[in-house]
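Reading the structure
Here is what each chain is made of, one letter per residue.
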Amino acid sequence: MRVSTGIPRFDSLVDGGLLENRMYVLSGPPGSGKTTFSAHFVTQGALAGERCLFLSMHEAKSELKHDMSSYEFGFDRAVESSNLEFLNVFDTNTKRLLGGGDNADFATGVKNMTNRLVSFINSRGIDRLVIDSTMILQYFFPDSEEAFIQFLTSLKRIDATTLLISEMTDPSSYADEHYISHGVVFLHNYLESTGMTRGVQIIKMRGTNIDSDIREVEFSDDGLQVFPDRKLQG
Ligand SMILES: Nc1ncnc2c1ncn2[C@@H]1O[C@H](COP(=O)(O)OP(=O)(O)OP(=O)(O)O)[C@@H](O)[C@H]1O
Ligand SMILES: [Mg+2]
C-alpha cells in the first residue's frame, strides 16, 4: 500500500506515495524544507485518522505550530486533533520515556533506549513517525556508529512509515542512514542572483520506479509545492 505524503505532486514522482511501514531519509541543507515536508506528512496522516508521532530535538510543539501557521495545509487542525503527538527530546517526560540515567553499560543502554521507543510506538499504534533529526541519535549515542546502526535497523522493523531527517550539506558524502533506509529524498536550495531556488530530488526509493532529476519546489500558502515539469540542473 502507498501512503500519501500530503504533497500531491511529490506523490506523483514516487508512483503515488511512499510504501507503507518503510523508513525514508529526508536530507538537505538548512532551510531547505525538511521540517515543512515532515509537517505535511503528519498532517496528511492525522487528518485521515492515523496516529502520528513527531519526535524533535529542534522545535517545541508551540514553535512548530507557530512556524507552520502561515500555511493553509491544515497543520493547526492536525495539532488540535488527538492524532498527532509531539515529543521533544529535551523535555523531562521524553527523557524519562527514552531512558538515560541507567546504570547499564553502553550496549545495554542503547538497547534499552531503542526498545523503549519501539514499545512506545507500538503501544500507541503509531502509523507515521517523524524524527527531526539524526542529531538526536548523536545526542543519545555520541560517537557510536554501531549504536546508530542498531537503532536504525530497529526502526526499519516497526509498523510505522518513518521519515528520518538528516542534515546534510554535502550531497556527495552519504551517511549510514542513506544506505540503511528504504528511500532517500534530497531537498536543495541554491542561492542565485535572483534569490533562492529550491528543488527536490529522489535519490533512491526501493520498489519504486523513479528518475532522479531535480524538480523545482516553491513554498506557497499551501506549503511545499513541487513542479514535476520544471527540472533543475544539479
Ligand atoms: N510562508 C512561510 N512560512 C514559514 N516559512 C517559510 C514560508 N515561506 C518560506 N519559508 C521558509 O521556509 C524555511 C523553513 O523550512 P524548514 O524549516 O522546513 O527547513 P529545514 O530544512 O527543516 O531547516 P533546518 O535544517 O534549519 O531545520 C525558512 O527558511 C523560511 O524562511
Ligand atoms: Mg528543520
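Structure's up top.
This write-up is about the structure you can find in this document. (Residues numbered from 1 in each chain as written. Chains lettered and ligands numbered in written order. Predicted model: local features only at pLDDT ≥ 70, side-chain atom pairs only at ≥ 80, totals over all residues. Heavy atoms only, no water.)

Moving on to the overall build of the protein. Broken down by element type, the protein carries nine helices and 11 strands. Projected onto the principal axes, the alpha-carbon positions of the protein cover approximately 55 × 40 × 35 Å. Classification of the 234 residues of the protein by burial places 53% in the buried group. Excluding contacts between residues fewer than 6 apart, the proportion of contacts in the protein whose partners are at least 24 apart in sequence is 67%. If you sum the accessible surface of the protein, you get close to 10,900 Å²; carbon and sulfur atoms cover 46% of it. Within the protein, one finds 22 positive and 32 negative side-chain charges whose respective centroids are separated by 5 Å. (Helix = DSSP H or I, 4+ residues; strand = E, 2+ residues; numbered from the N terminus. Buried < 20%, exposed > 50% of the residue type's maximum accessible area, 1.4 Å probe, protein only. Contact = heavy atoms within 4.5 Å. Areas by Shrake-Rupley, 256 points an atom, 1.4 Å probe, with all protein chains shown as cover. Lys, Arg positive; Asp, Glu negative; His and termini not counted. Charge placed at Lys NZ, Arg CZ, Asp CG, Glu CD.)

The environment of ligand 1 is formed by P29, P30, G31, S32, G33, K34, T35, T36, D67, S70, Y71 and F219. The backbone of S32 places a nitrogen or oxygen atom 3.2 Å from an oxygen atom of ligand 1. Take Y71: an N or O atom from its side chain is 3.3 Å from a nitrogen atom of ligand 1. Bound to the protein, ligand 1 loses 61% of the 650 Å² it would expose on its own. Per element, the largest residue contribution to the shell around ligand 1 is three residues, and it comes from helix α2 (residues 34–47). (Near = heavy atom within 4 Å. Polar contact = N/O pair within 3.5 Å; in protein donor to acceptor, adjacent residues only side chain to side chain.)

Turning to the side chain of T208, a few remarks are in order. Looking at where T208 falls in the secondary structure, it is placed in the loop between β9 (195–205) and β10 (214–220). Dropping the residues within four chain positions of it, T208 is found in contact with R2, V14, D15 and L19.

In this section: empty space enclosed by the protein. Tallied over the full model, the rule gives one cavity of 30 Å³ or more. Here the largest cavity defines a volume of roughly 40 Å³. Lining the largest cavity, in full, are T5, F10, L18, Y24, V25, L26, F37, L163 and V185. Element by element, the count of residues in the lining of the largest cavity is highest for strand β3 (residues 23–28), at three residues. (1 Å grid on protein atoms, 1.4 Å probe; cavity = no way out; pocket = protein on both sides within 12 Å on 5 of 7 lines; lining within 4 Å. Points joined across faces, edges and corners; volume = space filled by probe spheres on them.)

One finds F10, F37, V42, F75, L84 and V200 to be the most contacted residues of the largest nonpolar core, which totals 36 residues. In this structure, F10 is in contact with T5, L18, F37, V185, V200, I202 and V226, ignoring residues within four places of it in sequence. Among the nonpolar cores identified, the runner-up in size contains 33 residues, and M23, F141, L155 and M168 belong to it. (Core = buried A, V, L, I, M, F, W, Y, C linked by side-chain atoms within 4.5 Å.)

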